[in-house]
There are 2 protein chains.
Amino acid sequence: MAKRSSRTTIHDIAGALGLNASTVSRALNDHPAVSRQTRELIQGKAREMDYQANHIAAALRKGRSDILGVIVPAVDRAFFASVIRGIEEEADREGFRVIVCQSYDSSERERTMVETLQRLQVDGILISSAKDGKNDLEFYRRIIASGQPIQFFDNVPQELDVPSVVINDQQGAYAATAHLIEQGYQRIAHLRGPQHQHIYRDRFRGYLDALRDAGRPTPPEYIVDIVSHFDSGKESFARLWSLHPRPDAIFSASDFSAAGGIKAAQSLGVRVPEDLAFIGFSNEPFTELITPSLSSVDQQTLTMGQRAARRAIDTIKQRNALDVSHERLVLSPKIILRASSLRNAK
Amino acid sequence: MAKRSSRTTIHDIAGALGLNASTVSRALNDHPAVSRQTRELIQGKAREMDYQANHIAAALRKGRSDILGVIVPAVDRAFFASVIRGIEEEADREGFRVIVCQSYDSSERERTMVETLQRLQVDGILISSAKDGKNDLEFYRRIIASGQPIQFFDNVPQELDVPSVVINDQQGAYAATAHLIEQGYQRIAHLRGPQHQHIYRDRFRGYLDALRDAGRPTPPEYIVDIVSHFDSGKESFARLWSLHPRPDAIFSASDFSAAGGIKAAQSLGVRVPEDLAFIGFSNEPFTELITPSLSSVDQQTLTMGQRAARRAIDTIKQRNALDVSHERLVLSPKIILRASSLRNAK
DNA sequence: ATTATTCTAACAATCGATTGCATAGATAGG
DNA sequence: CCTATCTATGCAATCGATTGTTAGAATAAT
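Residues numbered from 1 in each chain as written. Chains lettered and ligands numbered in written order. Predicted model: local features only at pLDDT ≥ 70, side-chain atom pairs only at ≥ 80, totals over all residues. Heavy atoms only, no water.

Draft legend 1. Region of interest: the protein's contact with DNA strand D. Near DNA strand D lie 26 residues; those nearest to it are Ile 10, Ser 22, Arg 26, Tyr 51 and Arg 61 of chain B. Backbone atoms, meaning sugar and phosphate, form 56% of the atoms of DNA strand D found within 4 Å of the protein. A distance of 2.9 Å separates a base oxygen of DNA strand D from a polar atom in the side chain of Arg 61 of chain A. Ile 10 of chain B is positioned such that a nitrogen or oxygen atom in its backbone is 2.6 Å from a phosphate oxygen of DNA strand D. Taken together, the elements giving at least two residues each to the surface near DNA strand D come down to α2 (21-28) and α4 (55-62) of chain A together with α1 (10-17), α2 (21-28) and α4 (55-62) of chain B. If one sorts the elements of the surface near DNA strand D by residue count, α4 of chain B sits on top with four residues. For the surface near DNA strand D, a count of residues per class yields nine nonpolar, 12 polar and five charged. (Near = heavy atom within 4 Å. Polar contact = N/O pair within 3.5 Å; in protein donor to acceptor, adjacent residues only side chain to side chain. Helix = DSSP H or I, 4+ residues; strand = E, 2+ residues; numbered from the N terminus. Nonpolar A, V, L, I, M, F, W, Y, C, P; charged D, E, K, R; others polar.)

Draft legend 2. Geometry of the protein's contact with DNA strand C. With respect to spatial proximity, 26 residues lie near DNA strand C, and among them Ile 10, Arg 26, Tyr 51 and Arg 61 of chain A together with Thr 23 of chain B are the closest. The protein-proximal atoms of DNA strand C, defined as those within 4 Å of the protein, are 59% sugar or phosphate. Here a phosphate oxygen of DNA strand C and a backbone polar atom of Ile 10 of chain A are 2.6 Å apart. In this structure, Asn 29 of chain A approaches DNA strand C through a side-chain N or O atom, which is 3.1 Å from a phosphate oxygen. Of all elements in the fold, only α1 (10-17), α2 and α4 of chain A together with α2 and α4 of chain B reach the threshold of two or more residues within the surface near DNA strand C. Looking at which element gives the most residues to the surface near DNA strand C, the answer is α4 of chain A, with four residues. A class-by-class count of the residues in the surface near DNA strand C yields nine nonpolar, 12 polar and five charged.

Draft legend 3. Representation of the sheet that holds strand β7 (residues 223-225) of chain A. All names here are of chain A. Across the sheet, which stays open at both edges, the four strands sit in the order β7-β6-β8-β9 with parallel pairing between neighbours. In this open sheet, the two edge strands, each paired with only one partner strand, are β7 and β9 (277-279). In this sheet, neighbouring strand axes are inclined to one another by 20 degrees on average, regardless of whether the strands run parallel or antiparallel. Of the pairings in the sheet, the one linking strand β6 (residues 188-192) to β7 comprises three bridges and is parallel in character. For Arg 192, the partnering residue across the bridge sits in β7 and is Asp 225. (Pairing = 2+ DSSP bridges. Axes fitted to C-alpha atoms, helices over the stretch in contact; angles between N-to-C directions.)

Draft legend 4. The pairing of strand β5 (residues 164-167) of chain A, seen in detail. All names here are of chain A. Burial along β5 is two-sided: the face carrying Ser 164 and Val 166 and the face carrying Val 165 and Ile 167 are both buried. Of the pairings in the sheet, the one linking strand β4 (residues 150-153) to β5 comprises two bridges and is parallel in character. Each residue of the ladder has a partner; that of Phe 153, found in β5, is Val 165. Bridging between β5 and strand β11 (residues 328-331) involves four bridges; their strand directions are parallel. (Buried < 20%, exposed > 50% of the residue type's maximum accessible area, 1.4 Å probe, protein only.)

Draft legend 5. Local environment of the interface of chain A and chain B. Residue-level contacts link 46 residues of chain A with 46 residues of chain B. Roughly 4,200 Å² is buried in total at the junction of chain A and chain B, and carbon and sulfur atoms are behind 59% of that figure. It is Ile 56, Arg 85 and Leu 289 of chain A in chain A that bury the most area against chain B; as a group they hold 16% of the surface buried on that side. Our count for the chain A to chain B interface comes out at four salt bridges. (Contact = heavy atoms within 4.5 Å. Buried area = accessible area lost by both parts, 1.4 Å probe. Salt bridge = Lys/Arg side-chain N within 4 Å of Asp/Glu carboxyl O.)

Draft legend 6. Spatial organisation of the domain arrangement of chain A. Under the domain assignment used here, chain A contains domain 1 (10-53), domain 2 (65-166 + 301-330) and domain 3 (169-299 + 335-341). With centres defined by C-alpha atoms, the gap from domain 1 of chain A to domain 3 of chain A works out at 64 Å. (Domains from an automatic or database assignment.)

Next comes the structure, spelled out in structure tokens:
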């Protein structure tokens, strides 16, 4: 009588006590319609028999799985890893589990993942959209219309009115640029990310706005297009350094490119930040480890994950009630000042 | 007839076609006992009605969820983020989803997570054990005895004979130290990680073995205890630099401490790698971005994740068959040489 | 023409927990 | 002592898909 290979079920407990499974179920869920006596009896027996609820069965019956699905381009990018941590923390607090999928920035794969998650009956889906520019708005609209709780974060297809948590890239870029101005830098260049992505358009706009508000001109040759890579930063530095007059500060839309720029500058004996200041974007973990440490714009990744999860969960729980969270939540980025942009290091 | 709020089920399809749900189920699974005609009819209707299988229901019936549970200390550490990526890739290839949980390095939480995952009927569990030294071996043994597929990776409780995928820390440390010797460095110090963790014991041993095999003495004052942090590296450098004679190379069991050491050295005008070489451990993403770029030992994280997932899945599929994967798979780390330890940079 | 053999599809049980409804027993009120 | 009101359980249906068994029809063999 100990060799039972399969797990114990409520029926086993019921059988062992001469009760009905429904009573066992209620007892284990602290349903008030069960007397204290039998409840304790049942709970004791359950412990004794090492009962583990079958969540799948309950999920099928209840129509809720207590699982959130998360789709990100890649889990090993620092940004997403951190957001996922935030999501997991918040979900855990609310008794939800998190299934993580990668889209590898392919919209097609992203759609497949959404369907897979739906088949799994996840209660909600959190997405940072693929950045291949092939997002199918109709697809998203159908999901939303179907009532499936869905919450976007970070990268959200524009023209789409969906619940989302994003950061204000424009504001972050503005602050970064304003900081350089405030530090007394005169000729501020910009390493500009791919303009088909709105986050980079926003950063560019923040840069332009800050210069305009300070009454500074923006020589077009000070704007160099990059992709978010180390080497791209190196090349951009070379290009900028060949100009007359040379810039004395660079706001990069990417930390990686900023780091590349710094390295290229140093290899020519250019002193950072004395001759040339740098400030990046994203506050990648490495920014405080390089020399000089790189000023950057923190994207509140942990908070983003927490908020996104919280809103998804709220929506799930309020199903059919007034749903207040269809709005776009915009987080304020925080500029982190480090040596690379501080002329008068304190 | 379009307002149906709940999803379409096989019964809906069956109803629409005057067939039985079981036939629909078989048709959708390409069961041979369904004629081509009806199969196509059914599949067509399914598409038309936008049918999405309910994975939960199938899981309950089949007793398999096609879900893997993963428990790591923290998803936002580069090491784990990368391993998770590997796991996810491999799982995806095999039609499995991945649920990720964090233990925050608490063994107690880890146990809770294991139980939660079991309730969710995950088909297998992958664990990198919490490093608080409170691992309950009995708990693990019970799970293994229960037949629940479980696969460890990275940090595995010693004295426990379980399927696992690890890297050979000793070998990595040996190679790193041997490399310094080969580069002509004479007095090699070691920043030694907490010795209650076997991975750090192994690294220490690799260091000692390499020196011994080269016939070098190991002055005890060249061994400094650290925790894996930037500041710990700074302090350790200071300590080492006050010795007579000073070391001319440092093998650090942590990239972070190595980075801290480099920064501290540079601030005193010590040239790296000319006056003092550094090699770290883990090949953290930042290692190639700092100046000089930091040599390190790559832990094959992606491979580790892939292998761990593959073995878990193999075990799941071979249930009751000969299970070949109860062994410990030991991956060989790879030393990555960068500027910080190359005297004669090519 | 009749029996044997295949095919197809239907029937029904099942996975394990939940939950609306019914009921037996207990307690209270008159 | 009898009816009304609770209370604590039991009963049975249900969630949606899967699957062993069975029955009917079609085809082949005799």
